[in-house]
Amino acid sequence: MNLVLLGPPGAGKGTQATKIAEKYNIPHISTGDIFRKNVKEGTPLGKKAQEYMSKGELVPDDLVIELVEDRLTEDDCKGGFLLDGFPRTVYQAEKFDVYLKEKNSAIDKVLDIDVEKDILIDRMIGRRVCKNCGATYHVKNMPPKKEGICDVCGGEIYQRADDTLETVSNRLQVYLEQTSPLIDYYEKAGNIAHINGAGALDKVFSEIVEVLGA
Ligand code: ADP
Ligand code: ADP
Ligand code: ZN
């Protein structure tokens, strides 16, 4: 099963992706996570990406496309994949379609998770992430059992540098201008499903399972 998660920042893509990956046994590939790992390790890619990420801008298309295509050649993607945060521009989507076609493959479903703006801002400002394993929490909605400590691995929990009020507004604007046109793009392709992301975690997940089949 080849899946793409679409939706504004803070919609809950990463949170749902963890559950989808587990249920359908496909790898969760988050371009944001890959960039953050590279930033942390100080790689050349990380240094380049950070310039854009810190401002809430998109990393240049060609850097992202190469990264994703590389990742998809790994063994764990043989039975499918779950992309979270890619594609994010029409250019990325077009290039990706060409890539898949060459491999005699295609996207089976694009899940468009939608949430209204006020909730998105609240979710991003309150988001906390494990430094070690990337597990995601929320100060009010999904706090860890022990403050500041990851339930999964015991790692330290931090706030992403781009989850500040200032950067969040820019990221929402970037989403509207550069990513939301993808809804139309996949509408035309006929493989998009719309998910209401405003409800509780399990309710959103049930809606996804209904679309994908149990
Ligand atoms: P995205 O990957 O789309 O940016 P995340 O999955 O990181 O979004 O979720 C953003 C924040 O909202 C996180 O702090 C997460 O814990 C919280 N969150 C995710 N889904 C829900 C939900 N259904 N209800 C309440 N909070 C949620
Ligand atoms: P969000 O929680 O906003 O959905 P992500 O973790 O997916 O955040 O992405 C964080 C940042 O990484 C983005 O603001 C952007 O700078 C960069 N990024 C991630 N994926 C892409 C992509 N497909 N194209 C361009 N930039 C990307
Ligand atoms: Zn952890």
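Here, the structure is the one placed above.
Below you will find a few notes about this structure.

## What about the site of ligand 1?
So, step 1. Close to ligand 1 lie 18 residues; Gly10, Lys13, Thr15, Arg127 and Tyr137 are nearest.
So, step 2. Residue threonine 15 places a side-chain N or O atom 2.6 Å away from an oxygen atom belonging to ligand 1.
So, step 3. Arginine 127 places a side-chain nitrogen or oxygen 2.6 Å from an oxygen atom of ligand 1.
So, step 4. Here ligand 1, which alone exposes 560 Å², has 92% of that area covered by the protein.
So, step 5. For the shell around ligand 1, the secondary structure elements donating two or more residues are helix H1 (13–24) and strand E6 (136–138).
So, step 6. A per-class count over the shell around ligand 1 returns seven nonpolar, eight polar and three charged.

## Here we look at unusual backbone geometry
So, step 1. Backbone torsion omega between phenylalanine 86 and proline 87 reads -10°, so that peptide bond is classified as cis.
So, step 2. If you trace the backbone, proline 87 turns up in the loop between strand E3 (81–84) and helix H5 (90–102).
So, step 3. One non-glycine residue, asparagine 25, lies in positive phi territory at about 55°.
So, step 4. By secondary structure assignment, the location of asparagine 25 is in the loop between H1 and strand E2 (28–30).
So, step 5. Overall, asparagine 25 belongs to the exposed group, its relative accessible area being 69%.
So, step 6. The phi dihedral of asparagine 104 is positive, around 55°, even though this residue is not glycine.
So, step 7. Note on placement: asparagine 104 falls in the loop between H5 and strand E4 (109–114).

## Details of the environment of leucine 45
So, step 1. Structurally, leucine 45 is set in helix H3 (residues 44–53).
So, step 2. If sequence neighbours within four positions are ignored, leucine 45 has contacts with Phe35, Asn38, Leu63 and Leu67.

Rules used in this analysis
Residues numbered from 1 in each chain as written. Chains lettered and ligands numbered in written order. Predicted model: local features only at pLDDT ≥ 70, side-chain atom pairs only at ≥ 80, totals over all residues. Heavy atoms only, no water. Near = heavy atom within 4 Å. Polar contact = N/O pair within 3.5 Å; in protein donor to acceptor, adjacent residues only side chain to side chain. Areas by Shrake-Rupley, 256 points an atom, 1.4 Å probe, with all protein chains shown as cover. Helix = DSSP H or I, 4+ residues; strand = E, 2+ residues; numbered from the N terminus. Nonpolar A, V, L, I, M, F, W, Y, C, P; charged D, E, K, R; others polar. Buried < 20%, exposed > 50% of the residue type's maximum accessible area, 1.4 Å probe, protein only. Contact = heavy atoms within 4.5 Å.

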